[in-house]
Structure formats: C-alpha cells, structure tokens
Amino acid sequence: MTFSRPFRSLFLYVLSFATLTSIASAQVKPGRDPNQPIDQEYTDKIREYTTAPYFNSPLTDYLPASPDVPTPKAVLGDVAGAPGKLPYAEDVYKYMRMLERASPRVKVFSIGTTEEGREMIAVAVGSEQLISKLDENRARLTKLADPRSINMDEAEADRLVAASFPVYYITGTIHSTETGSPTALMELAYRLVVDNSPYVKFIRDNVVTLITPVVEVDGRNRMVDVYNWHLAHPNENWPALVYWGKYVAHDNNRDAIGLSLKLTRNVMNTYLSWKPQVLHDLHESVPYLYDNTIGDGPYNAWVDPILTDEWQMIGWNNVSEMTKFGMPGVFAHGNFDTWSPGYLMFIAATHNGISRLYETFGNAGADTVERTLSPSEYQRTWYRQNPPLPKAKWSQRNNNNYQQTALLTSLHYFGANSKLFLKNFYVKSKRSIDKPKNEGPAAYVLPADDARPGNQAELLRTLQAQGVEISRATAAFTVPVRKRSGSAPSSSPATSSSSPRPSASPSPSKTEDRTFPAGTYIVRMDQPYSRIADALLDYQYWAPNDPQQDIYDDTAWTMGELANVEVVRVVDARVLSAPMERVTADVRSPGGITNAGSILLINHNADNALVTFRYRLKDVEMDAAEDPFDAAGRKFNRGSFIIRRGNSDEVRRVANELGIQVYAVNDAPSVKTHPIRAPRIAMMHTWLSTQDEGWYRVGLDQLQVPFTYISTQDVSRDPNLKSKYDVILFAPVGRGSQAIINGLPMYGNPLPWKKTQLTPNLGSIDETDDMRPGLGWSGLQNLQKFVKDGGLFITVDDTAELAINYGFTAGVSASRSQRLRAVGAILRTKTVDAASPVAYGYGDSLAMYCFNGAIYNINNGVGGRGPRNQPRATGRGTPDDPDVPQGRPPAEIPEPPPRVEPWEAPPVVEEQLRNAIGLIPPSQRPRVVLRYADSRELFVSGLLDGGDEIAQRAAIIDVPSGNGHVLLFSTNPFWRGQTKGSYFLVFNAILNWDNLNAGRKLAPK
Ligand SMILES: [Zn+2]
C-alpha cells in the first residue's frame, strides 16, 4: 500500500489519518501468511518457552521459514528468548551481519565505539527498494528536518513527504540488567526480512526500521558474564552488576543533557545523521508492558504539543491492539513524569522527532521463574483495565513476545500513517524555526566578556554536539534584556505561597538595554534544533503543590547556572539582526601567552582547563597567590597561578591547546603565595554501588586528572595510605555510612568480581575475590590515620555523613532535612570565606546541584552545642526587657553573645575556657567555605519547598584534623556531567591540599 496523493494542509492530514488507520486495520490482519512455510522446529520452541498462550500474539507465535536467511538459532543455538541463553554483543552483531550477507533487505552500520573500545552498530531493515534508496531518502528527510533548506515551502514539503519513507529507530538494552531486547531485536530483524504476511510485508515496504540492538555494550557483556557465572554456580548467590559501562550504571539513561558518555554521543550522531522520526528505547522493569512515553505529568515544558499528541496516538493504539490480541498487562499511563530531557529517547523529543519507551517485564537474565506481583502492580486502574496477573511463571521468551509484538504493532501503525508523521516531522521542525516569532525567546546570548571563557566554550561545544548552531557577533550590539536584580540572575519565590512571574515577555519597565561586545556567542532560536537549546539553557520551575508528588528524576538542569557561565535569555527578536556569523568549527576559548617576560601569570577564574594545565605540566613549579593583585594592566583573582621558572614554549603550547590565557611580566607581583603541586589522588569506591562516583571519574578523565582507583577493601588493608596518596576522594555512594563500613552481609558464598575464563569482561576496572566486605573498622582507622598524617579526605553527601558520624570532623554535626524538598534542584550558595583556597576563582555566589542536602551545624567544641540566639524566657515586661526577680535589687545582665548566623559556630564563652577539654583549638576548628543563600535568594531552578530549613546553612566545610583536612560537601559538585561550574571546588582542594589553611583568620581563643 502506498500513498502518493500530495497533501495540502495539516487539516487534510488529520482527516486522511482517520481514514488510513481504519483502512490499514481493516485490510491487513495480523498473522501468518498460510502460503509461506514456517520453521516448525523454531515455532515449536517458541511455544515451549512461552509460559501461557496469552503471553504471545498471532504476530510472534510462529517463525516463517526461509531457504536463504538464517534464523537467530544460527548464533544462539536455540530460539530468541530461550532459557539460559544470553548472547554477548558480538554474537548479536554476528547474527545481524549474517542477515546482511543473506539479504538485500538489511544493511549494518558501525556507529562508533564505547569507552572500552567495543563497537556499536545500527541495523537498517526494509524492502530491497527502501534499502537501496537509503541515501536519497536521507537527503529528503534532511530537507524536511531543516525547512529553511526549502525556504519553508509548504508545497515542496508535501512533495518531499509524498516521496519519503520514515525511519523508526529502536535501541535495546541501555540498561544492562534489562536483558531481553537483544534477542527480541535479532528475531524482529529476521521477521522484517523474511515474513511475507501482509502485516509484516506492509511494514517492510513502508518503514525503514533502524536497530541498535545493544546500546550499553560494555555493560551488556559484563551482564552476560554474571549470568553465565550464575549458570555455572546454580545453587549460589551471584554478584550484583556493580559496574555496567566504564563509568555509570542506570544513569547512562540520564546523559542526554551533558553527553558525557560515548553511547549517548553515538546514538545522538546516528539520530542527527539519519533523521529518524522516532527514537524508541527498550527497557524492562514493569509487568508486562508499560508504554511510558505517555506516562504522567508534568510533561517537559519545551517540547512541541504536536509531539505529546503523537505520544498519545501511537501509545494508545499500541495498548488497544495488544489488548485485542488478548495479552494482559499492557498499559500506557503510569508514574513516569516526562519532565527531564535527560533520557536517551528524549534526543528525539528535543529534536523534532518522537520519543518512545517501553518497560516490559524481565527477569534480569534468561531464567524462567515464578513471579509474584505486588497489589500496586496487578490491581486494575482506570488506565490499566486489563492488568497483569497477580502471579505467573515468566520467561525471557514471554518478554521477547511482548517486545516484538508491541514493536510490530507500532511499526505497522507508523507505516500506515507515515505521511502524517512525516508531515508532522516537517511541521515540528518548522515551528522550531518559527520560535522567535511565536512563543520565543529569540535567542540566548553568552557574552564575550564572561569571566570563564573556557567553561563557556565547553558549554557551547555540548550544544554543538546536540546539533545546535552557534553564531558569533562580529561587532558589538545592544538589545533590551530583562533587568538584572542584584547578584542573583533569577529571582524566585521565597516561599511556596508567592507566585512566580511569567518570564516569556517581560514588560518594558522590567527591561533594560544591554550592550554585548563583539565576539559574543548567540544561540539563535530560529533554527530547527532550537528546542533542545531552549530546554537546556532555560530555567525550570516545578510548583511545590504540583499534583505530581512522586517525582521521577531531577527537576532542574539549567546549563548556564551549573556551568557558572552567564546565559542571557533574549525575547526581543531584534537580537537576530545583530551582525554575526555562524561558528563552523568547535567553539574554543583563545589561549596563549600575551606580552613578554620571564614570569608567567594565569588568572584563576575556575575554568576547568586550569586543572588539566597543572597536571599536564606537573614538573613545572607553580605558586598560587593568596590575595588578588594587579599586573600586566589587569586584575588577577586570589589563587591565580604564578610560574617563576618555566619553559615558556611548553607553557605556550599547552595554554594554546587548552584555551588558557597566560600573561608574561618581568617582575613577580608582591603578593603572598604558596606552591600548588600536582598531588597524588586516589578515588575510593565501594563494592555496593559505583553509579554516582562514576560521574566523578568521567569528569577527572575528561580533564586528564590522573588518579589511582582503590576500593574500601584496599583501604581496610592499608595502614599507610599517606605514603601513596595525598588526596582521597570519596564520592557519594547512596547507601549511607553503615553500609559503607559493613559492606554486604556475609551470609552465603563469596561474590567474586574478577576476570576469569568464564567472566572475561569483569575486573577490568577493579576486581575482588569477594564483593561483600566493606570498609570495616580497620578501614576507618586507616582513613583517620591518613588524615592525621596530613592527607586530604574529600567527602560528599553520605560519605560526608560517614566522616561526620565516625569522628573525623570535630565541631560539625549533620542531620537530614525534615521539610526540605530540593529534588535534583539548583540552589544558590554564597561564599563565606573567599580567602579559602577552596573558593579560589569563584565569585560571591555559585549555583549548585542539590538533592535534599544534609543540614550542617558548626561548633567550636566537641560534643555539644554552644549558645545559639535564644528568645528571652517567660517573665515580666516586653520581649526586649529583662526579667526582674522580685524582692531584690536587679542583677547586672551580662552582654548578650553576638548574633550567630546559621552557618557559624557560636562564639567561645568564658565558661567553656575554665576546663577546656572539649574546646577545639582555633586552628583545628571547622572553616565554612560556602553556605546556602538566604531563603529569598536560595532558589535558582527546579523544585524547592521548605527551603528555609537549609537556607544559610553551611554547604561546604573544610575541617582541619591533625596535619590533614576533611572537606565536606552538602551539595554534589560532580553530577551527570552537568555541574561543570562546581568541579573546581574539588580541584582547588586538590591543588592546594597541603595549604588549605592559607588565608585563614584564627579566632583569638
Ligand atoms: Zn531501564
């Protein structure tokens, strides 16, 4: 069936869409072609491995036979979804390439490699005609994707739509414990190639199905290892998949914002070059099939409403068709809110395509087991009229049946409505270009005089990797922008009762003219991929009283704030007429040496490239200035680098490469300095979870900061850590301090994580004979000795809690918030002690990622709280009067203690000095570097409720201990490759690890 009638308007499409679906479903019955022989042996196995007939459909309860094309059995030795069979990625690829050799209907493309060098592929399947014309079809889709290329000519768009066929991109097993999709996709590819039933042939003739069968290739192979170990040790517990990819686990599906991982980049590049209309990502968690694209609100506020309608159309059709097949437990509404753009599938949503996601039911492996559901899973609800069964035997084959049936149903529906969806693809692209004329804004502007050109360039490169076009002003220009209010770029509700102002079009009284210098970067919104730039650069507001109280993920990701880079949202369309040119290469900040002289100076601006610079030139002596100074006709911040004896050619080369501006002078500035070295760093991990620390390793590796990777078990065995390391970085674990010490329970058998013949993919990152033991008391002792010996121990969130609870940090106590809801929000912090090396290069305020951070209390004594600001006791007089005991002359009231801020320790009083056992010596007292801002200024982006509980509390504390230091973070400085503006707080601590007391003012007593 083909549709060549040129359509004139969207209205006509809607009409024809209704007609087409009814034709398609009336004429083409799903099910086998009786004239095509089936592979009886394979078909018998499908039946055998499917645990009940209703867990299969007429689309997948047989396998058509082919004399030339091998079935998945050729590689698996059994059918797809067979018990005990989990193929490695290479086996899946081997099969896809066998298909390619056997049929002109298949083409396999290599789309890049993983961090560990494994290949990723995309397999295109369609009729011979479609596959032979992939390139010319791509050329048409490219025009539809960029309506500027056809001058927004509607008639031309219709001609292109009529001539084009859509590309439906399916991605499998990004989540390594969700194991079913590779075999389902192998068999799906076979069916699409071989099956002559009218239903499948229709798909083949009308849609190019593009398949990446394994997204997380490194993690897949580790998962297969673990499963094979389990098969070889049938009566034992098996090791949890503690590593998936090289860096992160489940969060690999939160990388579509920061693009830190190769798998995201590879899928992004495939998406950008193929211009598919759908990106459909396969997951397994919920019985039996949850199409969670429809999910629940709040929906992402930056996508086109046309898209959200498409979600509903395809999703509900999917539910309806599978319900008709008699398959229980298929539904489309549920607890997934579609707010964050961080999911892999969202690459399509933010680039004018359609994002889709299935959660099917998997057993984390290929065992067939009895599964008992919880009432919330099997109860009938308004959106799940045919719920899953409370109890059922479940197999990987069942899962494969559901995945394939759902995909075939969707592909058929998509093919039957291909002209509608292709036209929608064009219309969404066009509306993205029309953004400045409609909803706005017109552009985002990144000023040329930003204090952090390196971080600015890095942010812009991330946008470029998203396919966003960047322009650069060739001359200064002036446009009205929203008035800046004080230091905080955005004002916002201090309490949940006040309502935020609408931000789309500030009234003229709220704007002011601003002149941006030449060289300013402009992200125009009249481009096809304006939506992703808008979504990433804008602010987020999640109302505390939103009906959605079960928040799925982060509520904020504002990239400029998190990068500590200024981004100005400009509504006035005149900004688009500013003199500018397109940036054709990757954005780079300029670097090199200015002027001449033997002393080299580098301003510390907290650009991340500075840490790379320090480690790249690790043998060059460098000093840090402890105060700001003037030289070479400009101002240098505290912490600026001074190189007195360096090979200037080498410095020039590295500075050039890294985009760092170096100033040469003849005389060193007269300012107090201390050496900054390139210390030995250890990253410590647990065997409980490596997810969150993986984001630290990504950051360190990208910036080429070398570290030794050690586990809590290594630390438990090493009483002399200081001889090997200067800094131990312990990123959040997410399990709490007791679990860090105890590890996993010691019941049962050892759980090895090791490279062996049976498990060749384990152990490459780190290995152990038994994952169960934790840090233990000996590890705690060794860490405390490391600090006393002069080491720096950097801790965040629950690892900070460990340091506090187990006596590393005299004078600091912590509690968990009770009312605060800062759910992956961005909060403002304020600098308390600008002279602390930790704060070098930062201004007086910094936006940081926060997930219900801990509430810190500071004291000058151990074990006890000093006097805080107390209201007066009950008695005579007004609140300001003293009480006066009756019948005696009034006593002299001592001076009240000075007011204590929430981030400060109460001052030492005379009583504490009489026998000062618990009094911490001034040089060993906690030093607060940053605090949370006042309630009024605290909110930056996302959801903040009950903010007064954490407002003004200490956020980052440097605690001296013996000869060393412990650094405590209540916020998380390294998160998902998004928080590049706060990385340098950690780098500052590292580079100044042996001089953290610099600039410290000690209390007299
Ligand atoms: Zn998943």
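Above: the structure in question.
Structural notes, computed from the coordinates. Numbers given to residues run from 1 along each chain, matching the order in which its sequence is written. The predicted origin of the model limits local features to residues at a pLDDT of at least 70 and limits the giving and counting of side-chain atom pairs to 80 or more, whereas totals for whole chains, interfaces and linings rest on all residues. Values reported for side chains reflect all heavy atoms of the structure, with hydrogen atoms and water molecules removed beforehand.

What follows covers the overall build of the protein. Along its length, the protein carries 29 helices and 39 strands. In this description the radius of gyration comes from C-alpha coordinates, and the expected globular size is given by 2.2 Å times residues to the power 0.38. A compact globule built from 1005 residues would reach a C-alpha radius of gyration of about 30 Å, and the protein, at 31 Å, matches this within 12%. Considered along the principal axes of its C-alpha atoms, the protein spans approximately 110 × 75 × 70 Å. For the protein, with 1005 residues in total, the buried portion stands at 61%. Counting from the N terminus, the helices are DSSP H or I runs at least four residues long and the strands are E runs at least two residues long. Relative accessibility under 20% of the residue-type maximum defines a buried residue, over 50% an exposed one, and the middle range a partly exposed one, all with a 1.4 Å probe and only protein chains included.

Another aspect to go through is the nonpolar core. Ranked by internal contacts, the top residues of the largest apolar core, which has 164 residues, are Met96, Tyr402, Leu463, Ile470 and Val523. If you tally residues by element for this core, the top one is helix 8 (residues 181-194), at eight residues. We call two residues in contact whenever any of their non-hydrogen atoms come within 4.5 Å of each other. Discounting chain neighbours no more than four positions away, the residues touching Met96 are Val106, Val108, Ile121, Val123, Leu185, Met186, Ala189, Ile211 and Pro213. As used in this record, nonpolar core signifies buried Ala, Val, Leu, Ile, Met, Phe, Trp, Tyr and Cys residues forming a set joined through side-chain atoms within 4.5 Å. Among the nonpolar cores identified, the runner-up in size contains 85 residues, and Val611, Trp687, Leu729 and Ala731 belong to it.

Quick look at the coordination of the zinc ion now. With distances of 2.1 to 2.4 Å, the protein atoms coordinating the zinc ion are His175 (ND1), Glu178 (OE), Glu178 (OE) and His283 (ND1). Here the zinc ion binds four donor atoms, and the angle range of 55 to 151° at the metal identifies the geometry as irregular. Donor criterion used throughout: N, O or S atom within 2.8 Å of the metal, extended to 3.2 Å for Na, K and Ca. Water excluded; incomplete-looking sites may result. When the donor residues of the zinc ion are listed from N- to C-terminus, their spacing reads H-x2-E-x104-H. Taken together, the residues span a long stretch of sequence, with His175 in the loop between strand 3 (167-171) and helix 8 and His283 in strand 5 (residues 278-284) at a distance of 108 residues. Taking the relative accessible area as the measure of exposure, His175 reaches 2% and is therefore buried. Note on His283: relative accessible area 2%, which makes it buried. Think of it this way: with four donors and all angles in the 85 to 135 degree range, the site is tetrahedral; with four or six donors, opposite ones beyond 155 degrees and the rest between 65 and 115, it is square planar or octahedral; otherwise it is irregular.

Taking 1.5 Å as the rise per residue, helix 22 (residues 691-702) with twelve residues should run 16 Å; its terminal C-alpha atoms sit 17 Å apart, in good agreement. The buried fraction of helix 22 is high, at ten of twelve residues. Gln691, Asp692, Glu693, Gly694, Trp695, Tyr696, Arg697, Val698, Gly699 and Leu700 are the residues of helix 22 that are buried. Here the expected span of a helix is defined as 1.5 Å times the quantity of residues minus one.

On to helix 12 (residues 305-324). With 20 residues, helix 12 extends 29 Å from end C-alpha to end C-alpha; this agrees with the ideal 28 Å at 1.5 Å per step. Residues of helix 12 that are buried: Ile306, Leu307, Thr308, Glu310, Trp311, Ile314, Gly315, Asn317, Asn318, Val319, Glu321 and Met322. As for helix 12, its buried residues are in contact with strand 6 (289-296), strand 7 (330-337), helix 13 (346-349), strand 8 (354-360), helix 15 (396-416) and helix 16 (418-433). Polar contacts, as used here, are pairs of N or O atoms within 3.5 Å; protein pairs need one atom able to donate a hydrogen and one able to accept it. Residues neighboring in sequence count only if both atoms are side-chain atoms. Between the side-chain oxygen at the start of helix 12 and the backbone nitrogen of Ile306 there is a gap of 2.9 Å, and the oxygen is on Asp304. Of the residues trailing helix 12, Gly326 is marked for its positive phi of about 85°.

With that settled, the discussion passes to unusual backbone geometry. With an omega of -5°, the peptide bond between Gly297 and Pro298 qualifies as cis. Inspection of the secondary structure puts Pro298 in the loop between strand 6 and helix 12. The peptide bond linking Gly440 to Pro441 adopts the cis configuration, its omega dihedral lying at -5°. Note on placement: Pro441 falls in the loop between helix 16 and strand 11 (443-446). Located in the positive-phi region is Arg976, a residue other than glycine, with phi close to 50°. With respect to the helices, strands and loops of the structure, Arg976 is situated in the loop between strand 39 (964-969) and helix 29 (983-991). Judged by relative accessible area, Arg976 falls into the buried class, the value being 6%.

To continue, consider the sheet that holds strand 12 (residues 471-473). One key point about sheets: their strands pair by backbone hydrogen bonds, in either a parallel or an antiparallel sense. Strand order across the open sheet formed by five strands is 16-11-15-12-17, with antiparallel pairing between neighbours. The open sheet terminates on both sides in strands that have one partner only, identified here as strand 16 (568-570) and strand 17 (580-582). In this sheet, neighbouring strand axes are inclined to one another by 30° on average, regardless of whether the strands run parallel or antiparallel. If DSSP finds at least two bridges between two strands, the strands pair. Orientation is described by lines fitted to C-alpha atoms, with helices fitted over the stretch in contact, and by angles between N-to-C directions that extend from 0 to 180 degrees.

Here we take up the sheet that holds strand 1 (residues 106-113). An order of 1-2-4-3-5-8-6-7 is seen for the eight strands of this open sheet, with the pairing classed as mixed. Unpaired on one side and paired on the other, strand 1 and strand 7 mark the two borders of the sheet. The mean inter-strand angle of the sheet, taken between neighbouring strand axes irrespective of direction, is 25°. In the sheet, strand 6 pairs with strand 7 via four bridges, with the strands oriented parallel. Its bridge partner being in strand 7, Asp296 is matched across the sheet by Asp337. Those strands touched by helix 12 are strand 6, strand 7 and strand 8, and its axis lies near 35° from that of strand 8.

Turning our attention to the packing of aromatic side chains. Ring pairs are drawn from Phe, Tyr and Trp, using the six-membered ring of Trp, whenever the two centres fall within 6.5 Å, and their geometry is named by plane angle: stacked under 30 degrees, edge-to-face over 60, tilted for the rest. On inspection of all chains with the given rule, the structure shows 41 aromatic pairs. Ring geometry for Trp311 against Phe346: centres 6.3 Å apart, planes inclined by 50°, an arrangement best described as tilted. On the criterion of sequence distance, the pair formed by Trp311 in helix 12 and Phe346 in helix 13 is long-range, its members being 35 residues apart. For Trp311, a relative accessible area of 2% translates into the label buried. The structure contains a cluster of three or more aromatic residues connected by ring pairs, namely Tyr54, Phe55, Tyr288, Phe361, Trp394 and Tyr402. Criterion for a charge above a ring: Lys NZ or Arg CZ within 6 Å of the ring centre, and within 35 degrees of the ring normal. Its end group placed over the ring of Trp903, Arg931 keeps NZ or CZ at 3.9 Å from the ring centre.

The next point concerns the environment of Ala473. Relative to the elements of secondary structure, Ala473 occurs in strand 12. In this structure, the C-alpha to C-alpha distance between Ala473 and Ile728, residues 255 residues apart in sequence, is 44 Å. With residues near it in sequence (within four places) discarded, Ala473 still touches Pro517, Ala518, Gly519, Thr520, Ile522, Pro579 and Met580.

The next subject is the side chain of His604. With respect to the element layout, His604 can be found in the loop between strand 19 (599-602) and helix 20 (609-616). In contact with His604, not counting residues within four places along its chain, are Leu610, Asn637, Arg638, Gly639, Ser640, Phe641, Tyr840, Gly841, Phe984 and Asn988.

By convention in these notes, a salt bridge is any Lys or Arg side-chain nitrogen within 4 Å of a carboxyl oxygen on Asp or Glu. Taken as a whole and judged by the stated rule, the model has 64 salt bridges. As a salt-bridge pair, Glu693 and Arg697 come within 3.1 Å of each other at their nearest N and O atoms. Of this pair, Glu693 and Arg697 both sit in helix 22, four residues apart, roughly one helical turn. Residue classification places Glu693 among the buried residues on the basis of a relative accessible area of 3%. Taking the shortest distance from any N to any O, the salt bridge between Arg772 and Asp770 comes out at 2.8 Å. Looking at Arg772, the relative accessible area reads 6%, which means it is buried. Members of the salt-bridge network, linked through shared partners, are Asp304, Arg431, Lys435, Glu439, Arg531 and Asp534.

Mapped onto the elements, Thr43 comes out in helix 2 (residues 40-49). Leave out the neighbours within four places in its chain, and Thr43 touches Ile38, Asp61, Tyr62 and Leu63.

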